[in-house]
Amino acid sequence: MNLQEVNSNFARAIVYCRSEAGDNKKLQHQSRSILAYAEKQGYTVKETFIESGKMESLTYNSLRLRAKYREFDVLLISELDALGNSPIEITNEINYLVENSIKIISLKEGELNADTLPTLFRKGFRFVK
C-alpha cells in the first residue's frame, strides 16, 4: 500500500503512548489526546499501546512485528520522542515503519518521515556563541 493511498476514513491505526519515566498522568493525557485526534480524523483505532521505560520492551517489539505484517496503516503518537531517546534511534524507528508502509503521525510535529526529520532535528538544536 502506498502512503498516499492511506485515507483517514479507512485507515487502521495504532495508538502508541510512552513515558520513559513511567509518569502515569502523562500517559493518560497522551492516550486521551491521541484517541480524540483519531476520532476527529476518522481513523479506526485497532489497539492502544501504553508503555513505560525503554524502547526494547515487549510492547514496542510487538508493535514493530505488527508493522512488519501490515496489521495497521497509521501509527499515532503524541510527539517525536515517543519513538526513541536519540536522533539516531528515532530515525531508525521511523525508517523501519515507513519501509513497512506505516504512516507516522505525531500530534506535536505532524507527519514523520525521512523528509521531515532533518528539519525537526535542526529545530531541536541551538547554537551557542
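This is a predicted model, so every value here is computed, not measured.

## Considering the packing of helix α2 (residues 58–68) against helix α3 (residues 87–99)
In contact at an axis separation of 8 Å, α2 and α3 are set at 35 degrees when each is read in the N-to-C sense. On α3, the residues that touch Tyr60, Leu63, Arg64, Ala67 and Lys68 of α2 are Glu93, Tyr96 and Leu97. Looking at the contact of α2 with α3, its residues break down into 5 nonpolar, no polar and 3 charged.

## A word on α2
For α2, every residue scored as buried is listed here: Tyr60, Leu63 and Ala67. Looking straight down α2, one finds that the buried residues subtend no more than 55 degrees of arc, so they occupy a single side. Count one or two residues on from α2 and you reach Arg70, which has phi positive near 55 degrees.

## Regarding helix α1 (residues 24–41)
Taking 1.5 Å per residue as the helical rise, α1 with its 18 residues ought to reach 26 Å, and the 26 Å between its terminal C-alpha atoms agrees with that figure. Every buried residue belonging to α1 is among Leu27, Gln30, Ser31, Ile34 and Ala38, and all of these are buried. Projected down its long axis, α1 shows its buried positions confined to an angular sector of 100 degrees, all on one face. Those residues of α1 that are exposed and aimed more than 90 degrees away from the buried face are Lys25, Arg32, Glu39 and Lys40. At the C-terminal side of α1, Gly42 shows a positive phi close to 85 degrees.

## Overview of the sheet that holds strand β3 (residues 74–77)
Pairing within the open sheet is mixed, and its 5 strands lie in the order β2-β1-β3-β4-β5. Bordering the open sheet on either side are β2 (44–52) and β5 (110–112), each of which pairs with just one other strand. With strand direction ignored, the average angle separating the axes of adjacent strands in the sheet is 25 degrees. Here 4 bridges tie β3 to strand β4 (residues 103–106), and the two strands are oriented parallel to one another. Residue pairing across strands places Val74 opposite Lys103, the latter belonging to β4.

## A word on the side chain of Glu51
Structurally, Glu51 is set in strand β2. Buried and without a salt bridge, Glu51 has Arg18 as its closest oppositely charged side chain, separated by 5.3 Å. If we skip the residues at most four places from it in the chain, Glu51 touches Tyr16, Cys17, Arg18, Ser19, Leu27, Ser57, Thr59 and Tyr60.

## Some thoughts on the side chain of Arg18
Within the secondary structure, Arg18 sits in strand β1 (residues 12–19). Polar contacts involving the side chain of Arg18 include one to the main-chain carbonyl oxygen of Ala82, which spans 3.0 Å. Of note is the side chain of Arg18, whose polar atom sits 3.1 Å from the side chain of Asn85.

## Things to note about the pairing of β3
On β3, burial covers both faces: Val74 and Leu76 on one face and Leu75 and Ile77 on the other are all buried. With 3 bridges connecting them, β1 and β3 associate as parallel partners. In the sheet register, Ala13 faces β3, and the bridge partner there is Val74. With α3 bridging β3 and its parallel neighbour β4, the resulting β-α-β unit is right-handed.

Definitions and limits used
- Residues numbered from 1 in each chain as written.
- Predicted model: local features only at pLDDT ≥ 70, side-chain atom pairs only at ≥ 80, totals over all residues.
- Heavy atoms only, no water.
- Axes fitted to C-alpha atoms, helices over the stretch in contact; angles between N-to-C directions.
- Helix = DSSP H or I, 4+ residues; strand = E, 2+ residues; numbered from the N terminus.
- Contact = heavy atoms within 4.5 Å.
- Nonpolar A, V, L, I, M, F, W, Y, C, P; charged D, E, K, R; others polar.
- Buried < 20%, exposed > 50% of the residue type's maximum accessible area, 1.4 Å probe, protein only.
- Arc of directions from axis to C-beta.
- Expected span 1.5 Å × (residues − 1).
- Pairing = 2+ DSSP bridges.
- Lys, Arg positive; Asp, Glu negative; His and termini not counted.
- Salt bridge = Lys/Arg side-chain N within 4 Å of Asp/Glu carboxyl O.
- Polar contact = N/O pair within 3.5 Å; in protein donor to acceptor, adjacent residues only side chain to side chain.
- Right-handed = clockwise from strand over helix to strand, strands pointing away.

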